[in-house]
Amino acid sequence: MADDLLTPDEIEALMSAARGSVPAAAPPASPKPAASPPKASPPAAKPAPPSTDRLLQEVADHLAAAMSSGSGSSRSGVPDLGSASRFEFEEFGRPLDRELMPEFPIVALQDVELDLRIELGRTELLIEEVLQLREGTVVPLDKLAGDPVDILVNGRLIARGEVLVLNDNFCVRVAEIVTPKD
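Criteria and thresholds
- Here the residue numbers are simple positions, counted from 1 along each chain's written sequence.
- This being a predicted model, a pLDDT of at least 70 is required before a residue's local features are given, and a value of 80 or more before pairs of side-chain atoms are given or counted; all residues contribute to the totals for chains, interfaces and linings.
- With hydrogens and water stripped out, all remaining heavy atoms of the structure feed into the side-chain values.
- In this description, strands pair whenever DSSP reports at least two bridges between them.
- Numbering goes from the N terminus for both helices and strands, where a helix is a DSSP run of H or I of at least four residues and a strand is a run of E of at least two.
- Every angle, taken between N-to-C directions, lies between 0 and 180 degrees, and every axis is a line fitted to C-alpha atoms, over only the stretch in contact when it is a helix.
- Each residue is assigned to one of three classes by its accessible area relative to the maximum for its type, calculated with a 1.4 Å probe on protein chains only: buried under 20%, partly exposed between the two thresholds, exposed over 50%.
- The rule for a salt bridge is simple: a side-chain nitrogen of Lys or Arg has to be within 4 Å of a carboxyl oxygen of Asp or Glu.

J.: Looking at this structure, how should I read the sheet that holds strand 2 (residues 149–153)?
T.: Within a sheet, adjacent strands bond to each other through the backbone by hydrogen bonds, running parallel or antiparallel. Spatially, 4 strands are ordered 1-2-3-4 in an open sheet, and the strand pairing comes out antiparallel. Two strands close off the open sheet at either side, each with one partner strand: strand 1 (116–119) and strand 4 (169–177). Strand after strand, the sheet turns through a mean of 40° between neighbouring axes, direction not considered. As paired elements, strand 2 and strand 3 (residues 156–166) share 5 bridges and run antiparallel to each other. In the sheet register, Val149 faces strand 3, and the bridge partner there is Gly161.

Below, the structure is given as structure tokens:
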């Protein structure tokens, strides 16, 4: 069965013939063992593969036929989407009447947690000064005694108030609601 295989020289000769060129030299015949019976007919050469240009032309023809035959009809389960049209966005703006505004139940926001901070004042310290802080060290702030403290919600100033002591607890009485700057 090993006699049926082609040698590299025979393969090269067949490939050259398929390309249309003549090989430089005829391939040498492979040595046959003496014990094997002679073949009745030489192996037939396989048909030459089609040229690349011919294959590309066939593909282009098939593609053109497929595109011209399906004019808007459903192909391979793909629905016809029709032609494109421009999308118009709705105008945004503030409603002039309170009746046009949707009502939002404030009850839905009752369980939302917020970060509330009361800021007595601020100061800037160097790392060296922070490392020297000990128990009993006095840190001066940028506000005077009696000045209102800032009330911050989620880092945003919303009010100012004054510090009180009630039943041995510190408290803050809201003195002013700060309106946001537009």
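Further notes follow.
J.: Can you walk me through the pairing of strand 2 in this structure?
T.: Within a regular strand, side chains alternate between the sheet's two faces. Where burial is concerned, most of strand 2 is hidden: 5 out of the 5 residues are buried. Burial of strand 2 is two-sided: the residues Val149, Ile151 and Val153 facing one way and the residues Asp150 and Leu152 facing the other way are all buried. Where strand 1 meets strand 2, 4 bridges bridge the pair, whose relative direction is antiparallel. Bridge pairing in strand 2 places Glu119 opposite Asp150. Taking the residues that link successive antiparallel strands as the turn, the strand 2-strand 3 hairpin has 2 residues, and the phi of Asn154 there is positive, at about 50°.

J.: Help me out: how do you make sense of the pattern of salt bridges in this one?
T.: It is possible for side chains bearing opposite charge to pair when their charged atoms get close. In total, this model carries 6 salt bridges according to the counting rule given. Of the charged contacts in the structure, one is a salt bridge between Glu58 and Arg54, with a shortest N-O distance of 3.5 Å. Of this pair, Glu58 and Arg54 both sit in helix 2 (residues 52–69), 4 residues apart, which is roughly one turn of that helix. Two residues, Arg160 and Glu176, come together in a salt bridge whose shortest N-O distance is 3.9 Å. One end of the pair, Arg160, is in strand 3; the other, Glu176, is in strand 4, and 16 residues separate them in sequence. Residue classification places Arg160 among the partly exposed residues on the basis of a relative accessible area of 27%. Judged by relative accessible area, which is 40%, Glu176 ranks as partly exposed.

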